[in-house]
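# Close look at the chain arrangement
Spelled out, the chains give:
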Amino acid sequence: MRLLWKLVILLPLINSCAGDGLLSRPIFTQEPHDVIFPLDLSKSEVILKCAANGYPSPHYRWKQNGTDIDFTMSYHYRLDGGSLAISSPHTDQDIGMYQCLATNLLGTILSRKAKLQFAYIEDFETKTRSTVSVREGQGVVLLCGPPPHFGDLSYAWTFNDNPLYVQEDNRRFVSQETGNLYIAKVEPSDVGNYTCFITNKEAQRSVQGPPTPLVQRTDGVMGEYEPKIEVRFPETIQAAKDSSVKLECFALGNPVPDISWRRLDGSPLPGKVKYSKSQAILEIPNFQQEDEGFYECIASNLRGRNLAKGQLIFYAPPEWEQKIQNTYLSIYDNLLWKCKASGKPNPWYTWLKNGERLNPEERIQIENGTLIITMLNVSDSGVYQCAAENKYQIIYANAELRVLASAPDFSKSPVKKNSFVQVGGDIVIECKPNAFPRAAISWKRGTETLRQSKRMFLLEDGSLKIYNVTRSDAGSYTCIATNQFGTAKNAGSLIVKERTVITVPPSKMDVTVGESIVLPCQVSHDPSIEVVFVWFFNGDIIDLKKGMAHFERIGGESVGDLMIRNIQLNHSGKYLCTVQTTLESLSAVADIIVRGPPGPPEDVKVEEISSTTSQLSWRAGPDNNSPIQIFTIQTQTPFSVGWQAVATVPAVAPVNVNGGGGSRSELVITWESIPEELQNGEGFGYIIMFRPVGSTTWTKEKVASVESSRFVYRNESIIPLSPFEVKVGVYNNEGEGSLSTVTIVYSGEDEPQLAPRGTSVQSFSASEMEVSWNAIAWNRNTGRVLGYEVLYWTDDSKESMIGKIRVSGNVTTKNITGLKANTIYFASVRAYNTAGTGPSSPPVNVTTKKSPPSQPPANIAWKLTNSKLCLNWEHVKTMENESEVLGYKILYRQNRQSKTHILETNNTSAELLVPFEEDYLIEIRTVSDGGDGSSSEEIRIPKMSSLSSRGIQVLEPSIHFLSIVIVIFYCFAIQPLIR
């Protein structure tokens, strides 16, 4: 109860600090570890470390074997910060398990458990040890027999008065498990006194046993015998993850046995294993799951072998895979925490709150590593721990649960003072007060409460979103936040600016080098918004401040025109004008092409010089965006005056070389013929060269016709739709000229070989049907498909096929109109390409709908009240060859407007709610499967101001007063249904 009251009293402080993060739960920075203390130092002091961070600073207490330590009653216990100091510790009183608890305003955490034990080793008994007698060649074991002790021991032996320890080899071995000295085969040099030394590092003490004499018997030498294993590892060993495991194996025998190791499952020993000098110890460092299994030691000599085996079983203390995290929730919320740890065996879980075990209750559900608390209240606040434990260790994951309860508060996150938006844009005005539980949000514009509409929408987090903002949306907006603890308001202004528009963008220009041009970039914008113009040329900014040559900005505030003076060839490219404001960025782009005279020819060579001719070749220089039309050859001699033109053979190759199409086994090549002024002599013609792609041999043909622009090569070996490399040149009586660049042209193709599948047809009206089919998955062998051809006809034998319609690409449906009513139509589909059409699909048929009703609605009556127009008419009866009436369409429009509105109904009456500010024109027509029927004559409904006392207007003079009364009653009676 004391804790609950403290929590309630401190709740305002906790809530006020929640947003600032001032308060923080205890977090251990140091936890106690297991301690083995030397018993001989009992007059000194044991320190179990513990320290934690937190605000306010934590205070500490300790448990021994689950019981709180009363520091007022135990003189030799004291706190050193958070650590526990034990003065002059006693084995009977202080041995046990210790835990540290750290507490502040937010709760308590419990440390890991630490075990305190005392290390010691007593002296050996002083009585003399018996003499051990052995024959030469016999094995022997000298026993150490350690005195009572606690703590890990290490063993060594000395021989006679030699201060050095007996060194191990393949004949001698000191077991660190038993302490005994093993001699596999005794030699005469082994005779003497042996002494066992034991060291206990934790006790910080070493003891020496009495010497054991070893003498050699004189009754003979021991013969050879098979190995006898005296040192063997246990049948089952529990090995911890990451630990270093040592297995001992040593045998007596004559000759001295060799030791080897293996795994019984046949897999190789881990590459990380280490061996002692005699291989009597196998060490597996960093033990892992894959290292567990059965291991075998083999001791062998010439007389035989002996085996020892045992199983290594992997275990791992718990390790966290998923921890709990600090959680701040509102009162009445639900908490779900999950923690998960790995370990072998699998760990089990317990939960603690403020250091005490948490048990399931009405609102608290605990299942393994899952904790659920429903309908949180402030008393649930605290520090929680998930404990994962197996038989080897327990670990803790800590987190704070803070249950918050407060009225809405805008001090940390007020509504934005001024929000700016442009006309037609969207804006979100955020409203995110601190409130626990979450506040209900409403908005006001001025004094008017806002309701959701198509343009104004309340978002999930309480923010207000306004779509397609208008000038009238400007003003003050107030967010009102309410929960059970109170209400808070906060307001901000929405300022609406006119949208910036580029009114005169730059446009594509084609200019000549040396001209000066102006690229326009003019905008209209809100006068209160500053506009900045930035120009880019081919992606790089034009820095006008640096006085770049040729470029100059001209114009005023809303004009960002760019002048380019004395434009050069290198000014060709893409110009981008960007318009930047604080609210948006716009841009417009234009391409500028600067044309100039061509550059000089390159790589000019003169070859094959004779008395009257020479061979001249060159490579075209840059055309500077003006295609080169002709090259002029000039010569100069010592006897000529200046440069003079000379006669040449052709120097211009055909352009626009293309082709394709044609029939199977044909290659069609086309080009643009050379004009007469570029033929340069008599006997002009064309050279055609082509070869399959990948081939090295060209086929050459000549076309003597001057005006020719097409050549067809036929050969049965040509594979349909195969790519060819093609080039076209020229010649005349003087010789051959230049060749065009290589172009890829495809040979003629076969007609499609496959018919479409899945053809179907359905009728939509008396004059319309739709044909559909499945696309053909084609390849070169089945013929390319460029599109489909739909054929359709009737079953009247006097008529041939009515029509044929083509669709291109992967279109698989076609709507056919203009058909006869109530008529059976057949349809078929076939694929086509440049070679022709393929086989047709099996025909399908459908009967078009009957004709729509020929009679229009009659006896139309109307009544106009305010902006409500009631209409009534007689049901249209159809003839046998006409489609049945399914409903009616009312078409209405204002007298001065062409836009027609349509209302559909299944009844013979309707009600229209429209503003009659001017005359309306109305007509009514039938609706059927066969389509829309005939319309009634157009009815003019005069605007309200022109109506006198007339209530009901009857369109046919044959309607009597009784009909008028029925119409009035019917219109008012069906009003709820029509709406």
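Just so it is clear, the structure is predicted and the values come from calculations on it, not from any experiment. (Residues numbered from 1 in each chain as written. Predicted model: local features only at pLDDT ≥ 70, side-chain atom pairs only at ≥ 80, totals over all residues. Heavy atoms only, no water.)

### With respect to the overall build of the chain
- In terms of helices and strands, the chain carries four helices and 87 strands.
- The globule rule puts the C-alpha radius of gyration for 979 residues at 30 Å, and the 52 Å found for the chain is more than 25% above it.
- With respect to the three principal axes, the spread of C-alpha positions in the chain is 140 × 110 × 80 Å.
- Per-residue burial over the chain gives 42% buried out of 979 residues.
- Residue pairs in contact within the chain that sit at least 24 positions apart in sequence constitute 63% of those at least 6 positions apart.
- Accessible surface, the chain: about 53200 Å² in total, of which carbon and sulfur atoms supply 50%.
- Of the charged side chains in the chain, 95 are positive and 105 negative, and the gap between their average positions amounts to 5 Å. (Helix = DSSP H or I, 4+ residues; strand = E, 2+ residues; numbered from the N terminus. Rg over C-alpha atoms; globule rule 2.2 N^0.38 Å. Buried < 20%, exposed > 50% of the residue type's maximum accessible area, 1.4 Å probe, protein only. Contact = heavy atoms within 4.5 Å. Areas by Shrake-Rupley, 256 points an atom, 1.4 Å probe, with all protein chains shown as cover. Lys, Arg positive; Asp, Glu negative; His and termini not counted. Charge placed at Lys NZ, Arg CZ, Asp CG, Glu CD.)

### Observations concerning the packing of aromatic side chains
- With the rule as written, the count across this model stands at 19 aromatic pairs.
- Centre to centre, the rings of Tyr165 and Phe197 are 6.1 Å apart; their planes meet at 55°, and the pair counts as tilted. Placement of the pair is Tyr165 in the loop between strand S15 (153-159) and strand S16 (172-174) and Phe197 in strand S18 (residues 192-200), with a sequence separation of 32 residues.
- What makes Tyr165 partly exposed here is its relative accessible area of 43%.
- On the numbers, 6.1 Å between centres and 10° between planes, the contact of Trp793 with Phe826 is stacked. A residue pair is termed long-range when its members are at least 10 positions apart, and Trp793 in strand S73 (residues 787-794) and Phe826 in strand S76 (residues 824-833) qualify at 33 residues. (Phe/Tyr/Trp six-rings, centres within 6.5 Å; stacked < 30°, edge-to-face > 60°.)

### Remarks on the sheet that holds strand S56 (residues 561-564)
- Strand order in the open sheet formed by three strands is S51-S56-S55, with antiparallel pairing between adjacent strands. Each having just a single partner strand, strand S51 (517-519) and strand S55 (551-554) make up the two edges of the open sheet. Neighbour-to-neighbour, the strand axes of this sheet turn through a mean angle of 30°, independent of strand direction.
- Here S51 pairs with S56 via three bridges, running antiparallel. Pairing of Leu519 across the sheet is with Leu562, part of S56. (Pairing = 2+ DSSP bridges. Axes fitted to C-alpha atoms, helices over the stretch in contact; angles between N-to-C directions.)

### Brief notes about the sheet that holds strand S67 (residues 710-714)
- Strand order in the open sheet formed by three strands is S63-S64-S67, with antiparallel pairing between adjacent strands. What marks the edges here is a single partner per strand, and that holds for strand S63 (655-659) and S67. In this sheet, adjacent strand axes meet at a mean angle of 15° when their direction is disregarded.
- Looking at chain direction, S63 and strand S64 (residues 666-672) are connected through three bridges and run antiparallel. Across the sheet, residue Asn658 finds its bridge partner in S64, namely Thr670.

### A word on unusual backbone geometry
- Residue Pro255 follows Asn254 across a cis peptide bond; omega there is 5°.
- Note the cis peptide between Lys344 and Pro345, where omega equals 0°.
- Although it is not a glycine, Gln204 adopts a positive phi angle of roughly 55°.
- Position of Gln204 among the secondary structure elements: in the loop between S18 and strand S19 (205-208).
- At Asn822, a residue that is not glycine, the phi angle is positive and equals roughly 50°.

### Structural notes on the pairing of strand S58 (residues 585-595)
- Burial along S58 is one-sided: Leu586, Ala588, Ala590, Ile592 and Val594 are buried, and none of Ser585, Ser587, Val589, Asp591, Ile593 and Arg595, which face the opposite way, are.
- Where strand S50 (residues 509-512) lies against S58, four bridges are found, and the strand directions are parallel. Within S58, the residue paired with Asp510 across the bridge is Ile593.
- Bridge count for strand S57 (residues 573-580) against S58 is eight bridges, and the pairing is antiparallel.

### As for the state of the cysteines
- Considering all chains together, one arrives at six disulfides under this definition.
- Bridging Cys249 to Cys297, the disulfide has an S-S length of 1.8 Å. Residues Cys249 and Cys297 share a disulfide whose torsion about the S-S bond is about -70°; that sign makes it left-handed. Within this pair, whereas Cys249 is found in the loop between strand S23 (245-248) and strand S24 (250-254), its partner Cys297 is found in strand S28 (residues 293-301), the two being separated by 48 residues in sequence. (Disulfide = S-S within 2.5 Å.)

### Here we look at the pattern of salt bridges
- A full pass over the atoms with the stated rule returns 42 salt bridges.
- In this structure, Arg445 engages Asp473 in a salt bridge whose closest nitrogen and oxygen atoms are separated by 3.4 Å. Taken together, the residues span a long stretch of sequence, with Arg445 in strand S43 (residues 440-445) and Asp473 in the loop between strand S46 (464-466) and strand S47 (475-483) at a distance of 28 residues.
- When the shortest N-O distance is used, the salt bridge between Lys889 and Asp932 registers 2.9 Å. Here the residue Lys889 occupies a position in strand S81 (residues 885-894), and Asp932 occupies one in strand S85 (residues 931-935), the gap between them amounting to 43 residues.
- Lys889 sits in the buried class, given a relative accessible area of 16%.
- Of the residues examined, Asp932 reaches a relative accessible area of 32% and is grouped as partly exposed. (Salt bridge = Lys/Arg side-chain N within 4 Å of Asp/Glu carboxyl O.)

### Side note on the pairing of strand S79 (residues 861-865)
- Counting buried positions along S79 yields four of five residues, so the element is predominantly enclosed.
- When S79 meets strand S80 (residues 868-872), the two strands line up antiparallel, connected through five bridges. Bridged to Thr865 within S80 is Lys868.
- Where S79 folds back onto S80 in an antiparallel hairpin, the turn is made up of two residues, including Asn866, whose phi is positive at roughly 50°.

### What to know about the side chain of Asp526
- Structurally, the position occupied by Asp526 is in the loop between strand S52 (522-524) and strand S53 (532-537).
- Within polar-contact distance, the side chain of Asp526 engages the side chain of Arg471 at 3.1 Å. (Polar contact = N/O pair within 3.5 Å; in protein donor to acceptor, adjacent residues only side chain to side chain.)

### Looking at the UniProt feature "domain: Ig-like" (unreviewed entry) in the chain
- Using the residue numbers shown here, the UniProt feature "domain: Ig-like" (unreviewed entry) corresponds to residues 26-117, 122-208, 227-308, 318-402, 408-502 and 514-587.
- With 0% helix and 62% strand, residues 318-402 has end C-alpha atoms that lie 28 Å from one another.
- Secondary structure across residues 408-502 divides into 0% helix and 53% strand, with the first and last C-alpha atoms of the span separated by 45 Å. (UniProt positions renumbered as here; feature names shortened; annotations may be inferred.)

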